[in-house]
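Each chain, letter by letter, is given below.
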Amino acid sequence: MDTATTTAIEQAADPTGHPSAFHIPHSAFRIPDWLAAAPPDGLAVIARGAGWTFADLAREAAGWAGRLRALGVGPGDRVALLLGNNTTFVALVHAIGQCDAVLVPLNWRLAAPELAWQLADCGARLLLHDSRMRNALGGVRWAECRIVDISAELASGTAAEPEEPPTGIPHSTLDLDQVQAIIYTSGTTGQPKGALLTYGNHWWSAVGSALNLGTHKDDRWLACLPLFHVGGLAILWRSVIYGVPVIIHDGFDPAAVNAAIDDDGVTVVSLVSTMLARMLDARGARPYPPSLRAVLLGGGPVPPPLLERCAALGVPVVQTYGLTETDSQAATLAPADALRKLGSAGKPLLPTQIRIAGPDGDAPARVVGEILVQGPTVTPGYWNRPAATARALRDGWLHSGDLGYRDADGYLYVVDRRDDLIISGGENVYPAEVEAVLLAHPAVVEAGVVGRPDARWGQVVQAAVVLRSGQPVSADALRAWCRARLAGYKVPTTILFMDELPRNAAGKLLRRALRALSAPESHSPEEASR
């Protein structure tokens, strides 16, 4: 690891440079390289109908590692990828690791200035992209970063000529403390920060998930989330650690995902709520095959109407809670509890711990507070952001900024982001609660709720909705629907009708974009009786 990377980790751990209590060292021992240990003849990756064994993947990764070294990539260098979901992305993830370099997966939905900012922020030495991403680059340049279009190399055939690393095999062992990736936070609440993720973070995330969901020899995990997102990247590590194949879709199409579950033997799939809702709409009442054993649902609080719909159809939904900073899952509902604890994100995945912080210490059961996480899946910090690291990691715990509570049995329920909380006339309003009521209306497909400044109440509730085709409904009718189910101060004073809601690449609602929408000042009849 180079001096710059080591210094960044030290600064992340503690702005003074001293060791920090939250950083749990993993490297008292090293463990075998996961790719080298995977069954060579086992199926590793399936994409566009073609498959690679783990031996094929190892050869492809070794070939790319040789080419990266030829481009000057060495230990600690940051290598950025601007690629869609494909086998090349998978091979490069392992190749970058074989060079002891650091992966920086970029969100291809970002604008060119945003991409340029991230390249400069992480000090990328190399950016690899293919022909599909040329337009996304939009003339992006950063003086210290070499930009390479790998399509030319693929077209020339040189990418098919593997060059073995010096040992002749991938790493014989992995240092669990070594930083594997810098993943920029989704930026739903501000400027993105580069979360450092280590091999140890990945290892314990995969182990915790396996202890909860189990592993089956016939498992096939479908990756239709973007691979640049921590939820997509985590699937690639689970594949090599468990020795099971990952099926990769280049983007999300509800009909294609349904077909993969029916025809391609998918047993586990990771989704966010909007994706699952679209799949159910496309499928109708037709049940899923019994081979589908887990639908992991993350990305924020799940609307109760969606969970109830899944329960009625027998869809094996297990809600999960996690962050980029916890390397995907921190808590996940066990399949056996899916109906008994409907709406819960489950218990912490071993060996992770979760607390709910109230104003005077740990909050009692069913009292909402901030979710705190501790354990070996937690990031050692943010790239070159000692102040942000110190704010997020305090007293040995990651302060998530999310609100939730635990029931008497210790099961976690996620309420909302603390920054999204609406305080109207001194009363707390959780946007997810209002969204759930709106989504229960038969005409509403999507709903997003934010607070709008108000001279009288401080803030009032503003909603944006997407309606089902052919099912018009008025704002007054939706307010009446809410009024029958919510306290008066929670009823939206303004409802905007939209063709689609603003979301990031992982499907999370961008509330800041909703806040930026102008809406007329109004005091609805509901306000008079709040």
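Residues numbered from 1 in each chain as written. Predicted model: local features only at pLDDT ≥ 70, side-chain atom pairs only at ≥ 80, totals over all residues. Heavy atoms only, no water.

A. Quick peek at the nonpolar core. Membership of the largest hydrophobic core comes to 67 residues, with the highest contact counts inside it found for Leu57, Leu68 and Leu128. With sequence-adjacent residues up to four places away left out, Leu128 is seen in contact with Leu68, Val79, Ala80, Leu81, Leu82, Leu83, Leu92, Val148 and Ile150. One finds Cys224, Leu280, Leu297 and Leu307 within the second-largest nonpolar core, a separate group that totals 26 residues. (Core = buried A, V, L, I, M, F, W, Y, C linked by side-chain atoms within 4.5 Å. Buried < 20%, exposed > 50% of the residue type's maximum accessible area, 1.4 Å probe, protein only. Contact = heavy atoms within 4.5 Å.)

B. How the structure looks around the packing of aromatic side chains. Under the defined criterion, the tally for this structure stands at 7 aromatic pairs. Relative to Trp237, the ring of Trp34 lies with its centre 5.3 Å away and its plane at 75°, an arrangement referred to as edge-to-face. One end of the pair, Trp34, is in helix α2 (residues 34–37); the other, Trp237, is in helix α9 (residues 230–242), and 203 residues separate them in sequence. A relative accessible area of 4% places Trp237 in the buried class. Taking the ring centre of Tyr382 as reference, the NZ or CZ of Lys193 above it sits at 5.1 Å. (Phe/Tyr/Trp six-rings, centres within 6.5 Å; stacked < 30°, edge-to-face > 60°. Helix = DSSP H or I, 4+ residues; strand = E, 2+ residues; numbered from the N terminus. Lys NZ or Arg CZ within 6 Å of the ring centre and 35° of its normal.)

C. Broad picture of the sheet that holds strand β15 (residues 317–323). Taken in spatial order, the 9 strands line up as β3-β2-β12-β11-β13-β14-β15-β16-β17 in an open sheet, and their pairing is mixed. Across the chains shown, the open sheet's two edge strands, defined by having one partner strand only, are β3 (50–53) and β17 (347–348). Packing of α9 onto the sheet brings it into contact with β2 (43–47), β11 (221–223), β12 (246–248), β13 (268–272), β15 and β16 (328–332), and relative to β11 it is tilted by some 150°. Contacting β13, β14 (294–298) and β15, helix α11 (residues 273–283) runs over the sheet at an angle of about 110° to β13. (Pairing = 2+ DSSP bridges. Axes fitted to C-alpha atoms, helices over the stretch in contact; angles between N-to-C directions.)

D. Structural detail: α11. All of the buried residues in α11 are Ser273, Met275, Leu276, Met279, Leu280 and Arg283. Relative to the axis of α11, the buried residues are bounded by an arc of 160° and lie together on one face. The inward-facing, buried residues of α11 contact α10 (254–263), β13, β14, α12 (304–313) and β15. Looking one or two residues beyond α11, the residue adopting positive phi is Gly284, at roughly 75°. (Arc of directions from axis to C-beta.)

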